[in-house]
Amino acid sequence: MVFASLEFLTLFLPIFFAFYLITPQRFRNHTLLVGSWLFYAWWTPKFLLLIIALTVLAWGAAILIDKAQNERVKTRIMATTIVLNLASLVWYKYTNMVVQSLNTFFTGHDLPTIPWVNVMLPIGLSFTVLHAISYVVDVRRKTVPAQYSIISFSAYMAMFGHLIAGPIVRYKVIDKELRERVFSSEEFAAGVRRFMVGFSMKVLIADTLSPFVSIAFGLHQPSFMDAWAGCAAYTLQLYFDFAGYSAMAIGLGLMLGFRFQENFNNPYLAVSIQDFWRRWHMTLSSWLRDYLYIALGGNRGGAIRTYVNLMLTMAIGGLWHGGDNWNFLIWGIIQGSALCCDRAFTMRGYSMPNAASRTLTLLVVMLAWTVFRSSSFDAALGMLAGQIGANGFAMGDAVRLALRPSLLLIFAIGLLCVIYPASSFAKRGGLATVGWSGVWRAVWPILTFVYGVIVLAGQKAIPFLYFQF
């Protein structure tokens, strides 16, 4: 079940909130936990046991760390918990890719291959592991207290608002609300509005662009126009899909009385690749910084060590995204290389005008998205060849036929939404300066949400892109 589906909107969400709102305050974590487990089990019940096992592991480890008197023992418990979490991730996420790579090598050298049935990846596992590791590390660092209530901690780990695809909500962010929260009609209304905006971003923009992206990235020899049209569409699709999901998750959190961190801040307006990572998937980039980059030594070991740490952090971050092929690792290396170049450029005191730096940053981001989206390394090379004009410049028939007027309109709306915050009109106060802005601000999310539901009723729900990660 996904947020942008009729069963979630018309069945799960109303029933859950009916029970949640009539539940006495002290039992609301219980209701939240049961509802979240049902939400997860709707997809496949068997993997719920894995999520529960990782939850109990982190909960028990934190209590053992809290009670241990010896610092070495605390560290060993933390390290063991991290290894067990990562082992589950490696097994479910990377075993298929490693076996397939070995079999390709064996086939090429006339050696017997490994009989193998692909392991299915449990949705939400990547985010569950990151939540568990950050919690245990924070308890070891004594930046958060250990949660002794298994119900409250399980509700934090399983909360359906962030369980499947983030944002990554650190325990300390909602520790207070887990212990005590008061229902607020204002926050509930703000959460509903945020949810409707995210839903519209997903259904009306991201999902509309999805078929066109599939056509463009499915071409064997795309032309210059084909490749860049597909890349531009995917750049918008990924943003509106993931930012839309994050907005829906933040909205659900508000409706429940939790305040999640923001996950996006106009990333395509970034003036450098470092700035991009301060704006894109902010909860993941800050997680990588605090629990990986700093743990590797950060910038404390000199210039060379800093560059090595940047490369390792982004490569591991890329690898975290998936295990179908090596493209995600390559994408991470591209991002790490760009960060190193950015740092070297800045450290030498160089700079460039904002317009030029924004354009260059977006170009690097889009080229990296090409690798990220491609189904294989060969497919990525094909798209990149198209982007430099190796297959001609004219638009092909498949892409031209797919560019319907409605798609071009969505394309234009998406671009307008991305560019608007940087416009002089927005900087002067934007729509807030217009007399009817209050009415429009209240009405437009409802209108787009209703239209989005009508659109959704006529098509099959499309899963969020980050579900695969």
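Residues numbered from 1 in each chain as written. Predicted model: local features only at pLDDT ≥ 70, side-chain atom pairs only at ≥ 80, totals over all residues. Heavy atoms only, no water.

**Student:** Residue-level account of the overall build of the chain, with values.
**Tutor:** Each helix and strand counted, the chain has 19 helices and zero strands in total. For a compact globule of 469 residues, the expected C-alpha radius of gyration is about 23 Å, and the chain comes in at 23 Å, within 12% of that figure. When the backbone C-alpha atoms are referred to their principal axes, the chain occupies close to 65 × 65 × 55 Å. Sequence separation of 24 or more characterises 75% of the internal contacts of the chain that already satisfy a separation of 6 or more. (Helix = DSSP H or I, 4+ residues; strand = E, 2+ residues; numbered from the N terminus. Rg over C-alpha atoms; globule rule 2.2 N^0.38 Å. Contact = heavy atoms within 4.5 Å.)

**Student:** Can you tell me about helix 11 (residues 282–296), naming the residues and giving the values?
**Tutor:** Compared with the 21 Å implied by 1.5 Å per residue over 15 residues, the 20 Å span of helix 11 between its first and last C-alpha is a close match. The axis of helix 11 is deflected most strongly, by about 35°, at Arg289. Those residues of helix 11 that are buried are in contact with helix 5 (125–141), helix 10 (273–279) and helix 12 (303–320). Downstream of helix 11 by a residue or two, Gly297 has a phi angle that is positive, lying close to 120°. (Expected span 1.5 Å × (residues − 1). Bend = angle between axes of the 7 residues up to and from the residue.)

**Student:** Tell me what's going on with the nonpolar core, and back it up with residues and numbers.
**Tutor:** Ranked by internal contacts, the top residues of the largest apolar core, which has 132 residues, are Phe3, Phe8, Tyr135, Phe160 and Trp369. At 20 residues, the largest contribution of residues to this core is made by helix 9 (residues 224–256). (Core = buried A, V, L, I, M, F, W, Y, C linked by side-chain atoms within 4.5 Å. Buried < 20%, exposed > 50% of the residue type's maximum accessible area, 1.4 Å probe, protein only.)

**Student:** Explain the layout of surface pockets residue by residue, including any values.
**Tutor:** One number sums up the size of the largest pocket: a volume of about 1500 Å³. Mapped onto the lining of the largest pocket, the elements with two or more residues apiece are helix 8 (185–217), helix 9, helix 17 (405–419) and helix 19 (437–457). Looking at the lining of the largest pocket, the element that brings in the most residues is helix 8, giving ten residues. Its boundaries defined by the atoms lining it, the second largest pocket holds a volume of some 550 Å³. The wall of the second largest pocket is formed by 19 residues, among which Gln274, Trp277, Arg289, Leu310 and Leu339 lie closest to the centre. Taken together, the elements giving at least two residues each to the lining of the second largest pocket come down to helix 10, helix 11, helix 12 and helix 13 (327–347). It is helix 11 that contributes the most residues to the lining of the second largest pocket, six residues altogether. (1 Å grid on protein atoms, 1.4 Å probe; cavity = no way out; pocket = protein on both sides within 12 Å on 5 of 7 lines; lining within 4 Å. Points joined across faces, edges and corners; volume = space filled by probe spheres on them.)

**Student:** Explain the pattern of salt bridges to me, using residue names and the numbers behind them.
**Tutor:** As enumerated under the stated definition, the model contains ten salt bridges in all. Between Arg140 and Glu71 there is a salt bridge, with its nearest N and O atoms 3.0 Å apart. You can see Arg140 sitting in helix 5 and its partner Glu71 sitting in helix 4 (residues 71–108), a full 69 residues away along the chain. A relative accessible area of 38% places Glu71 in the partly exposed class. (Salt bridge = Lys/Arg side-chain N within 4 Å of Asp/Glu carboxyl O.)

**Student:** Give me the packing of helix 12 against helix 13: which residues, what numbers.
**Tutor:** Helix-helix packing is described using two parameters, namely the angle between the two axes and the distance between the axes. Where helix 12 contacts helix 13, the axes come no closer than 7 Å and their chain directions differ by 150°. Our classification of the angle between helix 12 and helix 13 gives roughly antiparallel. As helix 12 runs across helix 13, the sense of the crossing is right-handed. Contacts between helix 12 and helix 13 involve Thr306, Tyr307, Leu310, Met311, Met314, Ala315, Gly318 and Leu319 on the former and, on the latter, Phe328, Leu329, Trp331, Gly332, Ile333, Gln335, Gly336, Ser337, Leu339, Cys340, Arg343 and Ala344. Residue composition of the contact of helix 12 with helix 13, grouped by class: 13 nonpolar, six polar and one charged. (Axes fitted to C-alpha atoms, helices over the stretch in contact; angles between N-to-C directions. Parallel < 35°, antiparallel > 145°, perpendicular 65-115°, else oblique. Left-handed = near helix turned anticlockwise from the far one by under 90°. Nonpolar A, V, L, I, M, F, W, Y, C, P; charged D, E, K, R; others polar.)

**Student:** I'd like a description of the packing of helix 3 (residues 46–67) against helix 4, backed by residues and values.
**Tutor:** As a packed pair, helix 3 and helix 4 sit with axes 8 Å apart at the nearest point and diverge in direction by 165°. Judged by the angle between their axes, helix 3 and helix 4 are roughly antiparallel. Here helix 3 and helix 4 pass one another in a crossing that is left-handed. Together, Phe47, Leu50, Leu54, Leu57, Ala58, Ala61, Leu64, Ile65 and Asp66 of helix 3 and Lys74, Ile77, Met78, Thr81, Leu84, Asn85, Ser88 and Tyr92 of helix 4 make up the contact between the two elements.

**Student:** Mind laying out empty space enclosed by the protein, listing which residues take part and the relevant values?
**Tutor:** Evaluated as defined, the whole model comprises two cavities of 30 Å³ or more. In terms of lining, the largest cavity is formed by Tyr20, Arg28, Arg181, Val182, Phe183, Ser184, Glu187, Leu254, Met255, Leu256 and Gly257. Of the voids in this model, the second largest cavity is the one considered here, and its volume is about 30 Å³. In terms of lining residues, the second largest cavity is bounded by Tyr239, Asn266, Pro267, Tyr268, Leu269 and Val418. Partitioning the lining of the second largest cavity into residue classes produces five nonpolar, one polar and no charged.

**Student:** Now, about helix 4: what can you tell me, with residues and values included?
**Tutor:** For helix 4, the principal kink sits at Tyr94 and spans about 55°. The backbone nitrogen of Arg72 lies 2.7 Å from a side-chain oxygen of the residue at the head of helix 4, namely Asn70. Asp110, located one to two residues past helix 4, shows a positive phi value of around 55°. (Polar contact = N/O pair within 3.5 Å; in protein donor to acceptor, adjacent residues only side chain to side chain.)

**Student:** Break down the packing of aromatic side chains for me, with residues and values.
**Tutor:** According to the stated counting rule, one finds 44 aromatic pairs in the structure shown. Summarising the aromatic geometry, the rings of Trp277 and Trp331 are spaced 5.8 Å apart at their centres and angled 65° between planes, so their arrangement reads as edge-to-face. A residue pair is termed long-range when its members are at least 10 positions apart, and Trp277 in helix 10 and Trp331 in helix 13 qualify at 54 residues. An identical accessibility class is assigned to Trp277 and Trp331; each is buried. Among the aromatic residues, those joined into a cluster by ring pairs are Tyr239, Phe240, Phe242, Phe264, Tyr268, Phe276, Trp277, Trp280, Phe328, Trp331, Trp369 and Phe372. Directly above the aromatic system of Trp320 lies the positively charged group of Lys93, at a separation of 4.9 Å from the ring centroid. (Phe/Tyr/Trp six-rings, centres within 6.5 Å; stacked < 30°, edge-to-face > 60°. Lys NZ or Arg CZ within 6 Å of the ring centre and 35° of its normal.)

**Student:** Any chance you could break down the environment of Ile304 for me, citing the residues and the numbers?
**Tutor:** Among the secondary structure elements, Ile304 is positioned in helix 12. For Ile304, a relative accessible area of 65% translates into the label exposed. Distance from Ile304 to Leu57, taken between C-alpha atoms, is 37 Å for residues 247 residues apart in sequence.

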